[in-house]
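# Structure assessment
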Amino acid sequence: VCDLAVGSGAFLVATCRALGDALVRAWHAHDLVPPVPPDEDEVLLARRLVAQRCLYGVDKNPMAADLAKLSLWLATLARDHPFTFLDHCIRAGDSLVGLTRRQIEDCHWKPERNPTFGQEIIGQRLKAATAVRREIMEAGDDLSPLLKAQKLAVADGSLELVRLVGDLVIAAFFSADKDKARELKRDALRAELTHKLKGGDLMDLPEAPALALRSGEQPLVPFHWEIEFPEVFQRGSKGFDAIVGNPPFAGKNNLIGGNRDGYLDWLKTLHPQSHGNADLVAHFFRRAFDLLRPDGCFGLIATNTIGQGDTRSTGLRWIRTHGGSLYSARKRYKWPGEAAVVVSVLN
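Now for a description of the structure that goes with this document. Since this is a predicted model, take the numbers as computed values, not measurements. (Residues numbered from 1 in each chain as written. Predicted model: local features only at pLDDT ≥ 70, side-chain atom pairs only at ≥ 80, totals over all residues. Heavy atoms only, no water.)

Looking now at the pattern of salt bridges. What the rule picks out here adds up to 18 salt bridges. Here lysine 69 and aspartate 87 are joined by a salt bridge, their closest N and O atoms 2.9 Å apart. Of the two residues, lysine 69 is situated in helix 3 (residues 62-75) and aspartate 87 in the loop between helix 3 and strand 3 (90-92); the sequence distance between them amounts to 18 residues. Linking arginine 163 and glutamate 228 is a salt bridge whose minimum nitrogen-to-oxygen distance equals 2.6 Å. With arginine 163 in helix 6 (residues 145-174) and glutamate 228 in helix 9 (residues 225-228), this residue pair connects regions lying 65 residues apart in the sequence. Each of the two residues, arginine 163 as well as glutamate 228, counts as buried. Residues participating in the shared-partner salt-bridge network are Arg91, Asp156, Arg163 and Glu228. (Salt bridge = Lys/Arg side-chain N within 4 Å of Asp/Glu carboxyl O. Helix = DSSP H or I, 4+ residues; strand = E, 2+ residues; numbered from the N terminus. Buried < 20%, exposed > 50% of the residue type's maximum accessible area, 1.4 Å probe, protein only.)

As structure tokens, then:
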């Protein structure tokens, strides 16, 4: 279960509690209650297992990602246990900017029909990282947080080259404001990478464009979902089972003013048939839909514009005409907290 804009982690905490309660009921229904440590009860043990094995979150603000970990730590805290290890599943990056494995293999933001770049190397590194990450998730208390952190460093090291290639392709897109110039930059990048990979020179790849992308007044940290969470996308029914959350809202002007030049172009490239006037939340709906496994579900909070005009055609209409079903919707819902806003809740 994932939150694409995790913030302080409120939705994942609620998910942790709900799944924890369901797990306890399942233990009793099947007479399979596990040994419970003396500093925990059944509910706390179940929540800790759910937090480590089932929950994922991403946020473009690193401080928000840290707050989400803190929220889950507090929800799973036991007196004599270390904090639940969450560094593998709560990460920082832009949920809307990143490439699939196929796109990285193609060295292009638009996948080609016959990928010819780096499939074998990428496949090997993903396989190695997936194995180590599964060890972390399944270890429970058999591994200390320090050992888990060391294993995660090994997994991340395996993915460093793949992540860099993806970042360089993204950097090529954001290096210019016209498609032709972007393509020329991408072609030069691919030629250089292919030459170095064929020569076995993996230690001297051109990192500068990727570093420049992550710096400046409006830094951009790409997040390649299939690379960062390989165990989710390497399984038979790849993708998340469910996605929850309250993604950010932003109209066209705020979206352009608050992001790097070319961000709106990227969103329209990422999501075909999307409109430049659509609210940012529509792109989170599209991203959530793309990241689900077959028959997966997502439930998100949106502004009422999600059902109106260009935002509607970019988000809900596209989803409905590409295999998605809107099975529950609540519109004009007055927010129960202090904020004077009206929202829509859609599943």
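This part covers the side chain of serine 95. Inspection of the secondary structure assignment puts serine 95 in the loop between strand 3 and helix 4 (101-106). A polar atom in the side chain of serine 95 sits 2.5 Å from the backbone oxygen of leucine 4. Discounting chain neighbours no more than four positions away, the residues touching serine 95 are Leu4, Val58, Trp225, Phe284 and Arg287. (Polar contact = N/O pair within 3.5 Å; in protein donor to acceptor, adjacent residues only side chain to side chain. Contact = heavy atoms within 4.5 Å.)

Bridge count for strand 4 (residues 240-245) against strand 5 (residues 292-303) is five bridges, and the pairing is parallel. Looking across to strand 5, one finds that phenylalanine 240 is bridged to leucine 292. Note that strand 5 and strand 7 (residues 342-346) share four bridges and pair antiparallel. Across the sheet, alanine 302 pairs through a bridge with serine 344, a residue of strand 7. (Pairing = 2+ DSSP bridges.)

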